Structures are given as structure tokens and as C-alpha cells.
Amino acid sequence: MCIRKIVLSLLCISFPAVPAFAENTPLIIEHGPRDVKKVALTFDACPTSHHDEYDQQVVEVLTREKVHATLFMSGRWVEKNEERARELAAQPLFEIGNHAYWHPHMTAKDDERVLRELRGTQAIIRKLTGKRPKYFRPPFGEVDERVAKLAARAGLTVIQYDVASGDPDPGLTPKKIARAVVEDAKGGSIVVFHMNRNGVHTAEVLPGVISGLRKRGFELVTVGELLKSGVSDKVVRGKRSQDQARTAK
Ligand SMILES: [Zn+2]
């Protein structure tokens, strides 16, 4: 097991349905409560070297199908796509999250740089859209306890995922991606896709993913909505102490 996985297993709690930064809030969240029929689709807007790094088709499918989703935007992406970022933030279906500024390997950067990435992106999003993101998706899914604590200092909870669509992989066929996401999703799952044209087949697979998940009875919600879902503080504390007991072994 790599160090990252060990740290993750110590930090990740599965039932984070308390407001961000309450005493018991976990630093890193991989999924929501398992006893709700809700799934959160998330879309990362990483900066790329492409001329056009906005996947209009992805947004069109989400809008047409009225899918609530969380969009994690890098500060640099927002600066290069100001008008689009503003439109997306104004769309009630979408929740906007923070995806760092330059999209670096955060665990390799010192505290000051990590905070600059997080706070700088918060400021850019706030200034442009009036929204203050509550959630941070680490670039490359790389996070450790130090970065997660720095994120908390910047007012952010780290949101990972328990279902990776694999959409940037050109070796995966659309059929394979759609089937895997629909079959792997559980109650409370957080699924990661891309909306920056990094996903080879994202727009193509989305209609099948959306209808497949809805057929399984899942409501598609934002991360914020997922984490509000009906788990009492008592259950959260109980679950937390069980997790701590298990990981302490
Ligand atoms: Zn990214």
C-alpha cells in the first residue's frame, strides 16, 4: 500500500453529513452516506494546453437532462474561460468547486504554495462569480493529511471520489465507461469526469450514464446536496469512531 493510500485510509470517513468544519468533519471525503439513493456527478475543469478547453457538449447534456452536478474549476481555467465560468456559476443546476490554480502535484509543494493555489483560486472564483466554493478537488487525486489541513485553513473540504469514470483514457470505449460507472455506483457515490475536453468520450457516455443511474433509482445531486442527506450527527459520530477503531489496528 502506498503512503498516499495509507494516509487516505486514515483520513477518509464515509459519512460526512455535518456542516463543513464542524468538529467531526472529516478532512477528505470519498463518498456520501450509503443509505441514500443519491449520486453526485463531478466534472473537473483542469487547465490544459488545448486551444479550446471547454467541453460545450458535456454542459449541454447536463443542462438538457437537468442534472445537478459539481464543477471543480482551476483558477487558471477560470481566467481563460471567464464568460463560461460566469455562466456556469449562474446556472442553478451547478455547484462550483476549487481545483487549485496551476493544477500542480500539491503534496510536493510547500505550505505557502499550497495555500496560494487554494486561496488564489477562491479569490478568482469569488470575484468573477460571487460564489465562495466550499469544496476542493485535488489535482491528480493527490492529497495527504498536510494538504487536507491546509485546505481546511483555506475554508475548503477535500472531495475525492469513489467512482473514477476513466474518461481521459483513450483506451476505454464509451460503452465500457458507461457500463462501469452505472454498475460501480452505490448510494452516496461521487463520480469524477472532465469538462475541459480532456475526457475523450465524456459527452458521448453521459446520456447513458445519466439514464442508467436514474433507472437504478438514483437521484443525481451536487456534492453539497449529497452531504446534506439525512444522516444525524449521532450516526456520524458513531461511524467515525468505528472507522477510527478499525484504522488504528
Ligand atoms: Zn484536474
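In what follows, the structure referred to is the one given above.
The present account deals with the structure reproduced in this document. (Residues numbered from 1 in each chain as written. Predicted model: local features only at pLDDT ≥ 70, side-chain atom pairs only at ≥ 80, totals over all residues. Heavy atoms only, no water.)

This brings us to the coordination of the zinc ion. Within the first shell, the zinc ion binds the protein through Cys46 (SG), His99 (NE2) and His103 (NE2), at distances of 2.0 to 2.2 Å. For His103, a relative accessible area of 14% translates into the label buried. (Donors = N, O, S within 2.8 Å, 3.2 Å for Na, K, Ca; no water. Buried < 20%, exposed > 50% of the residue type's maximum accessible area, 1.4 Å probe, protein only.)

All chains considered together, the criterion is met by 3 aromatic pairs. Seen from their ring centres, Tyr101 and Trp102 are 5.0 Å apart, and the 80° between their planes marks the pair as edge-to-face. Above the face of the Phe218 ring, Lys37 is positioned so that its terminal group lies 4.3 Å from the ring centre. (Phe/Tyr/Trp six-rings, centres within 6.5 Å; stacked < 30°, edge-to-face > 60°. Lys NZ or Arg CZ within 6 Å of the ring centre and 35° of its normal.)

Let us look at the pattern of salt bridges. Going through the model one piece at a time under the given rule, you end up with 10 salt bridges. One salt bridge in this structure joins Glu53 and Lys80, with 3.6 Å as the shortest N-O distance. Taken as a pair, Glu53 in the loop between β3 (38–45) and α2 (56–64) and Lys80 in helix α3 (residues 75–80) lie far apart in primary sequence, 27 residues in all. Judged by its relative accessible area of 2%, Glu53 is buried. (Salt bridge = Lys/Arg side-chain N within 4 Å of Asp/Glu carboxyl O. Helix = DSSP H or I, 4+ residues; strand = E, 2+ residues; numbered from the N terminus.)

Counting buried positions over the 5 residues of strand β5 (residues 94–98) gives 5, a clear majority of the element. Because side chains alternate across β5, one face comprises the buried residues Phe94, Ile96 and Asn98, and the other comprises Glu95 and Gly97, equally buried. Pairing of strand β4 (residues 69–73) with β5 involves 5 bridges; the strand directions are parallel. Bridge pairing in β5 links Met73 to Asn98. (Pairing = 2+ DSSP bridges.)

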